[in-house]
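Fold and contact review
One-letter residues, chain by chain:
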Amino acid sequence: QVQLVESGGGLVQPGGSLRLACEVSGLSFSLYAMTWHRQAPGKQRELVAAVSSGGRTSYSASVEGRFTISRDNAKAMVYLQMNSLNVEDTALYYCNVEGYPYWGKGSLVTVSS
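A brief report on the enclosed structure follows. None of these values were measured; they are calculated from a predicted model.

**Quick word on the packing of aromatic side chains**
All told, the structure shown has three aromatic pairs when counted by the stated rule. Taking 6.3 Å as the distance between ring centres and 85° as the angle between the ring planes, the aromatic pair formed by Tyr94 and Trp103 counts as edge-to-face. Looking at Trp103, the relative accessible area reads 35%, which means it is partly exposed. On the basis of an interplanar angle of 0° and a centroid distance of 5.9 Å, the ring pair of Tyr100 and Tyr102 is categorised as stacked. Classification of Tyr100 by relative accessible area gives partly exposed; the value is 40%. Since its relative accessible area comes to 29%, Tyr102 is described here as partly exposed. Three or more aromatic residues joined by ring pairs make a cluster, and in this case those are Tyr32, Tyr100 and Tyr102.

In structure tokens form, the structure reads like this:
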């Protein structure tokens, strides 16, 4: 059974930083591309960042230069370092195995002064 568990969310002031983590189990993690998505209140879920099995990364325009996705294949973990956060980044953040219907329950990030 594939499981994804996100952690690291919380309340942060504008301009602050957070690091999300996602622990993956139940599959050969190193073989799969991983993504982070987010869903803000009243909006559709959107792709934020992706990392291929080989470590190549890509980002949405809204987070390029501020967020960094990374992975640790030995630990079956994927991370999202988020810097220079602003109120528009407030959302529930999910990790996902790219191309598969495997999702975590999400980690809430709230950016507010």
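Back to the text.
**Re the side chain of Thr35**
Tracing the sequence through the fold places Thr35 in strand E4 (residues 34–39). Judged by relative accessible area, which is 1%, Thr35 ranks as buried. At a separation of 3.3 Å, a polar atom in the side chain of Thr35 contacts the side chain of His37. Those residues within four positions of Thr35 in sequence are excluded, and the remaining contacts are Leu47, Ala49, Ala50, Tyr94, Cys95, Asn96 and Glu98.

**Here's the deal with unusual backbone geometry**
Where the residue is not glycine, phi is negative for most of them; where a peptide bond is considered, it is trans in most cases. Positive phi outside glycine occurs at Ala76, with the angle close to 55°. Relative to the helices and strands, Ala76 is located in the loop between strand E7 (67–72) and strand E8 (77–82). The class for Ala76 is buried, based on a relative accessible area of 14%. One non-glycine residue, Ser84, lies in positive phi territory at about 50°. Tracing the backbone shows Ser84 in the loop between E8 and strand E9 (91–97).

Parameters at a glance
Once a new chain begins, its residue numbering starts again from 1 and follows that chain's sequence as written. Only residues with pLDDT of at least 70 are given local features in this predicted model, and only at 80 or more are side-chain atom pairs given and counted; all residues enter the totals for whole chains, interfaces and linings. The side-chain quantities take in all heavy atoms of the structure and omit both hydrogens and water. Whether two aromatic rings pair depends on their centres lying within 6.5 Å, for rings of Phe, Tyr and Trp, where Trp uses its six-membered ring; planes under 30 degrees apart make the pair stacked, over 60 edge-to-face, and the rest tilted. Relative accessibility under 20% of the residue-type maximum defines a buried residue, over 50% an exposed one, and the middle range a partly exposed one, all with a 1.4 Å probe and only protein chains included. Strands are runs of DSSP state E lasting at least 2 residues, helices are runs of H or I lasting at least 4, and numbering of each runs from the N terminus. Whenever a nitrogen or oxygen atom comes within 3.5 Å of another N or O atom, the pair is scored as a polar contact, on the condition that within protein one atom can donate a hydrogen and the other can accept it, and that pairs from neighbouring residues in sequence are kept only if both atoms are in side chains. Contact criterion: two residues are considered in contact whenever any of their non-hydrogen atoms come within 4.5 Å of each other.

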